[in-house]
Amino acid sequence: MKIAIIGAGNVGAMVASRVIDADLADVVLVDIVPGMAKGKALDISDVRPIVNSSANIIGTENFEGIKGSDIVVITAGLARKPGMSRDDLLKKNSDIIKKVSVQIKKYCPSSIVIVVTNPLDVMSYLVMKTTGFDPKKVIGMAGVLDSARFTNALRGKNQDIGQDNVLMMGSHGDTMVPINRSENISEKVFSEASELARNRGAEIVKHLGAGSAYFAPSASVFFMLKAIIKNEKKTMCVSAYLEGQYSEKDIYIGVPVTLASQGIEKIIEIGLTEEEKQAFKESACQIRESISKTF
Ligand code: APR
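Procedures and definitions
- Residues numbered from 1 in each chain as written.
- Predicted model: local features only at pLDDT ≥ 70, side-chain atom pairs only at ≥ 80, totals over all residues.
- Heavy atoms only, no water.
- Domains from an automatic or database assignment.
- Contact = heavy atoms within 4.5 Å.
- Buried area = accessible area lost by both parts, 1.4 Å probe.
- Salt bridge = Lys/Arg side-chain N within 4 Å of Asp/Glu carboxyl O.
- Polar contact = N/O pair within 3.5 Å; in protein donor to acceptor, adjacent residues only side chain to side chain.
- Helix = DSSP H or I, 4+ residues; strand = E, 2+ residues; numbered from the N terminus.
- Nonpolar A, V, L, I, M, F, W, Y, C, P; charged D, E, K, R; others polar.
- Core = buried A, V, L, I, M, F, W, Y, C linked by side-chain atoms within 4.5 Å.
- Buried < 20%, exposed > 50% of the residue type's maximum accessible area, 1.4 Å probe, protein only.
- Pairing = 2+ DSSP bridges.
- Near = heavy atom within 4 Å.
- Axes fitted to C-alpha atoms, helices over the stretch in contact; angles between N-to-C directions.
- Parallel < 35°, antiparallel > 145°, perpendicular 65-115°, else oblique.
- Left-handed = near helix turned anticlockwise from the far one by under 90°.
- Phe/Tyr/Trp six-rings, centres within 6.5 Å; stacked < 30°, edge-to-face > 60°.

**Comments concerning the domain arrangement of the protein chain**
Phase 1 of the analysis: We note that the domain assignment places domain 1 (2-140) and domain 2 (143-294) within the protein chain.
Phase 2 of the analysis: Across the boundary between the two partners, domain 1 contributes 40 residues, which contact 45 residues of domain 2.
Phase 3 of the analysis: Here domain 1 and domain 2 share an interface that buries about 3600 Å² over both sides, 68% of which is from carbon and sulfur atoms.
Phase 4 of the analysis: Put simply, Lys129 and Asp250 hold a salt bridge, and the shortest N to O gap is 3.4 Å.
Phase 5 of the analysis: For the interface between domain 1 and domain 2, the tally reads 11 residue pairs in polar contact (both at pLDDT 80 or more).
Phase 6 of the analysis: For the side of domain 1 that touches domain 2, the secondary structure elements donating two or more residues are α1 (10-21), β4 (71-74), α4 (90-107), β5 (112-115), α5 (120-131) and β6 (138-140).
Phase 7 of the analysis: It is α5 that provides the largest number of residues to the side of domain 1 that touches domain 2, a total of 8 residues.
Phase 8 of the analysis: The residue makeup of the side of domain 1 that touches domain 2, split by class, is 24 nonpolar, 5 polar and 11 charged.

Spelled out as structure tokens, the structure:
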């Protein structure tokens, strides 16, 4: 099993490190900055005797290195700077993502692609359209992260909550849609925790001053990679292509799915309240608006 990780920055390198630590698959790390992927790959490879991993890792500036990869993770792009919204990144990252998609189509035509670059839902759509891949094989990483942030915020408020009771659906942006299926959470705690989760990315960016979150994002990608490689058929929220589900079509947006060896095995349609339906619709509208700026 070979995983290509495009972009050897904070998220990409951390995903590579997690994969090698867990002996999950071989990795090729690619970055346009000369020496960056090579240097980080050498450093990560030296961890193997310590953690007893036999997985291989190489770094390169040359896209030919991704040839034959089973899964490609795209983290290439610019990260948010303080005060910058995910949409501000739209123009710059679309150009990068189009170029990267052409290389993926050329060298890994049968791969599953996990998109991490923001604005996530739009970039996932762009990858699917540019590669022409089956939408079940182009998956955006957002819901795992946003749901984890939401659960973490609730636990911070002393709510003993299982990750299955709450979800974040909708866009990976300001219009994300919190879903509560636990009877123990008060309206007040729910809305405070949703707000915390919604603003978590920006809060981290503000503290860091330069760069954005990468520990939880890389853990979320790893969770998805494991579900695919081990054919776990696990349910999780991802950005997926809808073809009529939730009354939406021709859009990437966060919904629960089961993830297995072929990518998205099934999009799960949970029943939504009228309020949730409305919020989901608004979120879809916002993503569509961004998509229209890209095409
Ligand atoms: N091909 C390969 N690598 C590229 C390309 C390209 N065309 N363009 C940019 N890169 C590389 C950069 O050189 C950089 O090393 O992508 C890397 C991005 O790394 P960081 O700037 O550290 O960003 P990171 O924190 O990893 O976030 C990456 O994920 O969470 C999202 O919003 C975030 O869109 C951002 C992405």
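**What about the nonpolar core?**
Phase 1 of the analysis: One finds Val19, Ile66, Met169, Met224, Leu225, Val255 and Leu259 to be the most contacted residues of the largest nonpolar core, which totals 83 residues.
Phase 2 of the analysis: By residue number, the principal contributor to this core is α5, which donates 7 residues.
Phase 3 of the analysis: Shared between two domains, this core holds at least three residues of each, these being domain 1 (2-140) and domain 2 (143-294).
Phase 4 of the analysis: The residues touching Ile66, leaving out its near neighbours within four places in the chain, are Lys2, Ala4, Ile6, Val28, Val30, Gln103, Ile104, Tyr107 and Cys108.
Phase 5 of the analysis: Among the nonpolar cores identified, the runner-up in size contains 12 residues, and Phe150, Val166, Val189 and Ala193 belong to it.

**A few points about unusual backbone geometry**
Phase 1 of the analysis: The omega torsion of the bond from Asn118 to Pro119 falls at -5°, within 30 degrees of zero and hence cis.
Phase 2 of the analysis: Relative to the helices and strands, Pro119 resides in the loop between β5 and α5.
Phase 3 of the analysis: You will see that Asn231, though not glycine, has its phi angle at about 50°, which is positive.
Phase 4 of the analysis: Note that Asn231 resides in the loop between α8 (215-229) and β9 (234-243).
Phase 5 of the analysis: Relative accessible area serves as the criterion here: at 33%, Asn231 is assigned to the partly exposed category.
Phase 6 of the analysis: Positive phi is not limited to glycine here, since Lys233 has a value of about 55°.

**Digging into the pairing of strand β11 (residues 263-267)**
Phase 1 of the analysis: As paired strands, strand β10 (residues 249-260) and β11 are joined by 4 bridges and run antiparallel to one another. Each bridged residue has a counterpart across the sheet, and for Leu259 the counterpart in β11 is Ile264.

**Things to note about the pattern of salt bridges**
Any two side chains of opposite charge can pair, so long as their charged atoms come close to each other.
Phase 1 of the analysis: All told, the structure shown has 11 salt bridges when counted by the stated rule.
Phase 2 of the analysis: The shortest N-O distance in the salt bridge between Glu192 and Lys188 comes to 3.0 Å. Remark: Lys188 and Glu192 occur in helix α7 (residues 187-208); sequence separation between them is 4 residues, near one turn of the helix.
Phase 3 of the analysis: A salt bridge links Glu232 to Lys234; the nearest nitrogen and oxygen atoms lie 3.6 Å apart.
Phase 4 of the analysis: In this structure, a network of salt bridges that share partners links the residues Lys157, Lys188 and Glu192.

**Some thoughts on the side chain of Asn93**
Phase 1 of the analysis: Locating Asn93 in the fold gives a position in helix α4.
Phase 2 of the analysis: Judged by its relative accessible area of 0%, Asn93 falls in the buried class.

**Focus: the site of the ligand**
Phase 1 of the analysis: Residues in contact with the ligand amount to 20 residues; listed here are only the nearest, Asn10, Val11, Asp31, Thr75 and Asn118.
Phase 2 of the analysis: Gly77 places a main-chain nitrogen or oxygen 3.3 Å from an oxygen atom of the ligand.
Phase 3 of the analysis: Here an oxygen atom of the ligand and a side-chain polar atom of Asn118 are 2.9 Å apart.
Phase 4 of the analysis: Mapped onto the shell around the ligand, the elements with two or more residues apiece are α1 and α4.
Phase 5 of the analysis: In the shell around the ligand, the residues fall into 11 nonpolar, 8 polar and 1 charged.

**Here we look at the packing of α1 against α8**
Phase 1 of the analysis: Where α1 contacts α8, the two axes come as close as 9 Å, and the packing angle between them is 50°. Regarding the angle of α1 to α8, the classification is oblique. Pair α1 / α8 crosses with right-handed handedness. Between α1 and α8, the contacting residues are Val11, Met14, Val15, Arg18 and Val19 on the first element and Phe215, Pro217, Ser218, Ala219, Val221, Phe222 and Leu225 on the second.
Phase 2 of the analysis: For the contact of α1 with α8, the residue count by class is 10 nonpolar, 1 polar and 1 charged.

**Observations regarding the packing of aromatic side chains**
Phase 1 of the analysis: Under the criterion given, the structure shown has 4 aromatic pairs.
Phase 2 of the analysis: Their ring planes at 45° and their centres at 5.6 Å tell us that Tyr241 and Tyr252 sit as a pair that is tilted. Here the residue Tyr241 occupies a position in strand β9, and Tyr252 occupies one in strand β10, the gap between them amounting to 11 residues. By the burial criterion, Tyr241 is buried, and Tyr252 matches it.

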